[in-house]
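Below, each chain spelled out in residue letters.
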Amino acid sequence: MNNPAIQEPPSSSGFRTTLRWPSPWSVAATLTALVVMTPILTVLGYLFHPGSGTWQHLADTVLGEYIRNSLLLMAGVAVGAGSIGITTAWLTSMYRFPGRRLFIWALLLPLAFPAYILAYTYTGMLEPAGPVQEWIRTTFDVGYGEYWFPEIRSIGGAMVMLSLVLYPYVYLLARAAFLEQSVCALEASRSLGCGPWRSFFSVALPLARPAIVVGLSLALMETLADFGTVDYFGVSTFTTGIFRTWYGLYDEVAAAQLAALLMLFVFTLILLERWSRRQARYHHTTNRYQALPEIRLGRVNAWLATTACLLPLLFGFLLPVAQLTLWAFQTWKQMVDEEFLTLAANSFTLAGSAALIALLVALLLGYGKRLQPSRWLQALVQVAGMGYAIPGMVIAIGVLIPFGWLDNTLDGWMRDRFGFSSGLLFSGTLFILLFAYLVRFLTVSLNTVEAGLGRIKPSMDEAAWSMGQGRITTLRRVHLPLMRGSLLTALLIVFVDVLKELPATLVLRPFNFNTLAVRAYELASDERLADASSAALTIVLVGIIPVILLSVTIAHSRPGHAKPA
Amino acid sequence: MQNQLEIHDLSIRLGGKSIVHQVSLTLRPGELSCLVGPSGCGKTTLLRTIAGFEQPSAGSVLLHGNRIADASHSTPPEKRGIGMVFQDLALFPHLTVAANIAFGMQGEPRPAVDQRIDELLRLVGMSAQRNCYPHQLSGGQQQRIALIRAMAPRPALLLLDEPFSSQDMERREQLVQEVRAILLEEGITAMLVTHDQHEAFAFADTIGVMSEGGLLQWDSAFNLYHRPLSRFVADFIGQGVLISARIVDGQTLQTELGKIRGELSQQLPPGSTAELLIRPDDIIHDDQSPVRARVVARLFRGASHLYTLELESGTRVLCLAPSHHNHRIGERIGIRLNLDHLVVFPC
């Protein structure tokens, strides 16, 4: 009730200088949003394309398997990542036990692992010649084949790998939800005669459900997007199917149609998530946040809790890092050569450029939206920022088709006109790769930029304008300095995401251009798992930085705890 | 002399709703003015339109004779040279006090900027806080910095959007007077928006009362209180009640408090009924008076008592009596009217 200027109907003309003309900012933002949307629309367009012969063939033979495997994988990851995430979140937010403070952030560490690198590492550890089976054979004095051992390269194995790296999404959101719940709700439940277990299942869990659903749907989107793990384990899903159709059958239409179908899966997931959140929107009944009671556990229970938190950390991070380090020690003399340094330089340059481009575009869109918050621009920005939900493989197809067409048209025209070939100007160069990264990772920087801008009150803009500053000067002198922290975060997260990205890089990289992720994939495909460790370890170690950043941010934003002013 | 600000028949629509209609007013150079009215009356929207954050749907705004806004054209806020102090102050948290003040003086030579900063800081007695950050200042100090930041580029007009509303009552009045003194010293033309009439009285030479998007009266504080042109202004400014009266002739009224003579605020036909505005200070407590009223409520105000009295007919009036006249609730006390200008409205 203290700012009538803000209460007035969301002032549509608030930032307009004249009624007639949209500002150059919003024109630029609109055009950019349209270009970024192209791949997504291209792929969706193929839903209405008449199927080719190959499509019929695929539908008759492997399509059923793709769908079945994708659904199975999602179910497995939902159960795996869900149970690990919820359990660890509940334990670390409600109880006190040895190592709790450490676990609060350490449980996020598996996020640093791309699933495919975890898959390579475990395959190396668990294969017949690997350390685990060798230990079994020498200890129990049995020969190969005389004992039962699970096959890691299977759909079950893929479920475990994906669950181990994706549970932090559930953990993160569930924990935030548990911490936000007022203690009063839980205390009311206790005073009404529910024990701690019943309180958990009848109060805490339902209250946290919307957040858990968000975490799960993030994990499932990543599952659908995964290419490296399922490819390596020989599990046929949509992503491997698209890859094979493109490179094995050279059928652009069928590949695009598979991609479109996969996109429908993703959209269904998004809709389900939205729907389930609408079903249950809880308002906290009190805004009095107390520090959570942090119940002290008895000796046995305390050790059980410690073990429960240690296991996912052990299997999702500590063991594989140890194994990778060991391999790296054994192989770095051969592997870390000039070629490796070129790889690293390629990867870092690519990731750095992509992060910078994504940030600039996000600033353009976010600021354009702030200057002229029209519905049209808002919708465009929302669609342009959808890329993160779309699997990299789908985006790869979505950029290759239009740019391939553009290249061919341009090339033909140049030949007719000037008698020489312009070659693959877009699709054969780094341009297309950077564009694909932009489409996929714009979401990350856009969200960060919008959140940063949202924290700056509109009166700041107006104050600057009333003192004679224009739009760009205001951005430079007020917004950018105030958002410095979030802009760095955006850069860093996109940087690491690009570094880890495999399928789009694999499909779109120019001839003879390699990155760390692609090299690790190639070496692993050649069964040279130990040799892949230097590249893999580099990716994981860089990936730890945003995890640390994330845990620091979370530690500073807990409701119910005194915030430093 | 040319008017500093002229507004002609200004109407503003936002989101399809008419917020302000047909407002006209003028400000002379150096004049301090104020817009008051209940929340939602459109005063803030009017202010934001003058500043350039909204565009009018009809009418025009002229600054120093130059047309800066009408329905087809609107000079962007940064090109107007109109300063604004915001309700939430909007100090830039990443800049020091000095850098905040210097923000609007880009392009001026460094020594001139420094000199202006010193001068303004001295004016508000905050030279020591030059290198502090906004969060290190108290609320009142932040307010002063927000004020001198807006004044620093010597704007042609300074707008203040309820900047005092976050202060507590006692500090507020003192702060308003300080600000008035500073603006007078700098010779700045200013317009304040507030819902608090005491703030308006303390600040402005000219006050506009707004209601439901219209400007009802643009006048001095004295006239608003003693010569309101409408029932709304009579009711909104100061305390008072309307009691029914019958017009006897051009100078005499018959009320239940007796016959009263005086100058009528408007001529009404003899014999017609009207309503007479009675302020608490118009009723004098007089034990000799034959007119009696019963005390229904009383409010001790230190120097005075504010009594709510019930007349025979059941009409209630307010009476301001010296503090030592101490009467109990239910007691019947003598009163008489003491008025020479009679504010009447036809029924």
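The structure displayed is predicted, hence computed values, not measured ones. (Residues numbered from 1 in each chain as written. Chains lettered and ligands numbered in written order. Predicted model: local features only at pLDDT ≥ 70, side-chain atom pairs only at ≥ 80, totals over all residues.)

Draft legend 1. Looking closely at the overall build of chain A. The secondary structure content of chain A amounts to 23 helices and two strands. For chain A, with 565 residues in total, the buried portion stands at 45%. For chain A, the proportion of contacts with a sequence separation of at least 24, taken over those separated by at least 6, is 84%. (Helix = DSSP H or I, 4+ residues; strand = E, 2+ residues; numbered from the N terminus. Buried ≥ 20, exposed ≤ 12 C-beta atoms within 10 Å, placed from the backbone. Contact = placed C-beta atoms within 7 Å.)

Draft legend 2. Quick look at the sheet that holds strand E6 (residues 82-85) of chain B. Residues and elements named next belong to chain B. Spatially, E6-E7-E8-E3-E9-E10 is the arrangement adopted by the six strands of the open sheet, whose pairing is mixed. Whereas interior strands pair on both sides, the edge strands pair on one side only; in this sheet they are E6 and strand E10 (214-219). Sheet twist, expressed as the average angle between the axes of neighbouring strands with direction ignored, equals 20 degrees. Where strand E9 (residues 206-211) meets E10, five bridges bridge the pair, whose relative direction is antiparallel. Its bridge partner being in E10, Met210 is matched across the sheet by Leu215. Packed on one face of the sheet, helix H4 (residues 139-151) meets E6 and strand E7 (157-161) and runs near 175 degrees to E6. (Pairing = 2+ DSSP bridges. Axes fitted to C-alpha atoms, helices over the stretch in contact; angles between N-to-C directions.)

Draft legend 3. Structural context of helix H16 (residues 375-384) of chain A. Residue and element names in this part refer to chain A. Within the sequence span of H16, burial applies to Leu377, Leu380, Val381 and Ala384. Along the axis of H16, the buried residues cluster in a sector spanning 95 degrees; they form a single face. Turned more than 90 degrees off the buried face of H16, the exposed positions are Arg375, Gln378, Ala379 and Gln382. Elements in contact with the buried residues of H16: helix H2 (24-45), helix H15 (338-371) and helix H18 (430-454). (Arc of directions from axis to C-beta.)

Draft legend 4. The sheet that holds strand E2 (residues 17-27) of chain B, seen in detail. Residue and element names in this part refer to chain B. Taken together, the four strands give an open sheet; going across it, the order is E2-E1-E4-E5, and neighbouring strands pair in antiparallel fashion. In the strand order of this sheet, the two ends are held by E2 and strand E5 (66-69), each with one partner. Averaged over neighbouring strand pairs, the angle between their axes works out to 35 degrees when direction is ignored. With seven bridges connecting them, strand E1 (residues 5-14) and E2 associate as antiparallel partners. Paired with Leu10 across the two strands is Val23, which belongs to E2. Strands in contact with helix H1 (residues 43-51) are E1, E2, strand E4 (58-63) and E5; relative to E2, the strand with the most contacts, it is inclined by about 65 degrees.

Draft legend 5. Quick look at the nonpolar core. Grouped together as the largest cluster of nonpolar side chains are 161 residues, with contacts concentrated most on A:Val170, A:Ala174, A:Ala259, A:Ile397, A:Ala436, A:Val494 and A:Ala520. For this core, the element with the highest residue contribution is helix H8 (residues 155-180) of chain A, accounting for 17 residues. When residues no more than four places from it in sequence are discounted, the contact partners of A:Val494 are A:Ala354, A:Ala355, A:Ala358, A:Phe441, A:Val444 and A:Ser445. Residues B:Ala51, B:Phe201, B:Ile237 and B:Leu253 belong to the second largest nonpolar core, which totals 103 residues. (Core = buried A, V, L, I, M, F, W, Y, C linked by C-beta atoms within 7 Å.)

Draft legend 6. Spatial organisation of unusual backbone geometry. Residue and element names in this part refer to chain B. In this model, Gln22 sits at a positive phi of 50 degrees, which is unusual for a non-glycine residue. Its location among the elements puts Gln22 in strand E2. Positioned with a positive phi, His64 is a non-glycine residue whose angle comes to about 55 degrees. Residue position: His64 is located in the loop between E4 and E5. With 15 C-beta atoms counted inside 10 Å, the residue His64 sits in the partly exposed group.

Draft legend 7. Broad picture of the environment of A:Phe178. Along the chain, the position of A:Phe178 falls in helix H8. Its 24 C-beta neighbours within 10 Å are what place A:Phe178 among the buried residues.

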